Structure formats: structure tokens, C-alpha cells
Amino acid sequence: GLGSCGVHSMDSSYTVAVSATLLAKYDVGSNPNNNKLCGKRIRVFRGGKSVDVTIMDKCPGGECYSLDLSPAAFDQIGDRSDGRYHDMSWSFIDEV
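Reading the values: the criteria
Residues numbered from 1 in each chain as written. Predicted model: local features only at pLDDT ≥ 70, side-chain atom pairs only at ≥ 80, totals over all residues. Heavy atoms only, no water. Core = buried A, V, L, I, M, F, W, Y, C linked by side-chain atoms within 4.5 Å. Buried < 20%, exposed > 50% of the residue type's maximum accessible area, 1.4 Å probe, protein only. Helix = DSSP H or I, 4+ residues; strand = E, 2+ residues; numbered from the N terminus. Contact = heavy atoms within 4.5 Å. Salt bridge = Lys/Arg side-chain N within 4 Å of Asp/Glu carboxyl O. pLDDT = per-residue confidence, 0-100. 1 Å grid on protein atoms, 1.4 Å probe; cavity = no way out; pocket = protein on both sides within 12 Å on 5 of 7 lines; lining within 4 Å. Points joined across faces, edges and corners; volume = space filled by probe spheres on them. Nonpolar A, V, L, I, M, F, W, Y, C, P; charged D, E, K, R; others polar. Pairing = 2+ DSSP bridges. Axes fitted to C-alpha atoms, helices over the stretch in contact; angles between N-to-C directions.

Caption draft 1: Geometry of the nonpolar core. Ile 42, Val 44, Val 53 and Leu 69 are the most contacted members of the largest nonpolar core, which has 18 residues in total. Looking at this core, the elements with two or more residues in it are strand 1 (15-19), helix 1 (20-24), strand 2 (41-46), strand 3 (49-59), strand 4 (67-69) and helix 2 (71-77). Excluding anything up to four places from it in sequence, Val 44 contacts Lys 49, Ser 50, Val 51, Val 53, Leu 67, Leu 69, Ile 77, Met 88, Ser 89 and Trp 90.

Quick look at the structure:
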């Protein structure tokens, strides 16, 4: 669907939604498509696995550094039947 960065993503895309709180820290004016985090890549780590994803959306609520991975990206680090993971970490690949 259409994310808050103004780009359509599919379940097969390697994309991520970050918390609204984190995205708000990088706002540039009133147009969310211009947010400095839109299009930036991060690397997500969990249990010895990692996946690179592109920020395309925001997830309402959640902790400041929570992530909502696309199904394809989630499949690279875990099993969807597990639901949520709380033992992930991540870092920016691209400069913000």
C-alpha cells in the first residue's frame, strides 16, 4: 500500500515502517514525503541473521525505535507465526 513517504510498497518489498515518534524527529516541513528518513536504509539484526530494508512508512504508536517489517523482510530474520520479536537491533546504513 501507500506509505507515509508517498511510495507504494508490496509484501515482497524489503521495506520497513518506523515509529511515528522517530519519523517526527526528521520532519522537514509539512509534507511527510520530504521526511529525511524516507528512502533511507537500515540493517536489522536478530539471532545471527540480518536484513537490509528501506524506510517507507510509519507505524502509529510503539516505542521510538520499534520497527514494522514487510513480510518478505520479516521472513529473512524469523518466522511470521512467531508474531512480534523484541530481541532485534538495527542501525542506519545510509547517512541521515
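Now that the structure has been shown, the text picks up again.
Caption draft 2: Up close: the pattern of salt bridges. Taken as a whole and judged by the stated rule, the model has 4 salt bridges. For the salt bridge of Asp 94 with Arg 41, the shortest nitrogen-to-oxygen distance reads 3.1 Å. Here Asp 94, found in the segment after strand 5 (89-92), pairs with Arg 41, found in strand 2; they are 53 residues apart in sequence, far enough to count as distant. Residue Asp 94 is classed as partly exposed on the basis of its relative accessible area of 21%. A relative accessible area of 35% means that Arg 41 is categorised as partly exposed.

Caption draft 3: Broad picture of the confidence of the model for the protein chain. Scored by pLDDT, the protein chain has a mean of 90; 97% of the residues are at 70 or more. Per-element confidence in the protein chain is highest for strand 2, whose mean pLDDT is 97, and lowest for helix 1, whose mean pLDDT is 89.

Caption draft 4: A look at the environment of Ile 55. Here Ile 55 shows up in strand 3. Taking the C-alpha atoms as reference points, Ile 55 and Asp 75, 20 residues apart in sequence, are found 17 Å from one another. Ignoring anything within four residues of it in the chain, the contact list for Ile 55 reads Cys 5, Val 16, Val 18, Leu 23, Leu 37, Cys 38, Gly 39, Lys 40, Ile 42 and Phe 92.

Caption draft 5: Region of the structure containing the layout of surface pockets. In this model, the second largest pocket occupies a volume close to 260 Å³. Contributing to the lining of the second largest pocket are 17 residues, with Ser 9, Thr 15, Asp 57, Asp 68 and Ser 70 lying nearest its centre. Within the lining of the second largest pocket, the residues separate by chemical class into 8 nonpolar, 5 polar and 4 charged.

Caption draft 6: Fine view of the sheet that holds strand 1. The sheet built from 5 strands is open, its strands ordered 4-1-3-2-5 with mixed pairing. In this open sheet, the two strands that pair with only one neighbour each are strand 4 and strand 5. For this sheet, the mean inter-axis angle between neighbouring strands, taken without regard to orientation, is 40 degrees. Alignment of strand 1 against strand 3, held across 5 bridges, turns out to be parallel. Note that in strand 3 the partner of Ala 17 across the bridge is Asp 57.

Caption draft 7: Broad picture of the environment of Val 18. In this structure, Val 18 sits in strand 1. The contact partners of Val 18, leaving out residues within four places of it in the chain, are Leu 23, Leu 37, Ile 55, Asp 57, Lys 58, Cys 59, Ser 66 and Leu 67.

Caption draft 8: Layout of the pairing of strand 3. The pairing of strand 2 with strand 3 spans 6 bridges and is antiparallel. Bridge pairing in strand 3 places Phe 45 opposite Ser 50. What sits between strand 2 and strand 3 in their antiparallel hairpin is a turn of 2 residues, with Gly 47 showing a positive phi close to 55 degrees.

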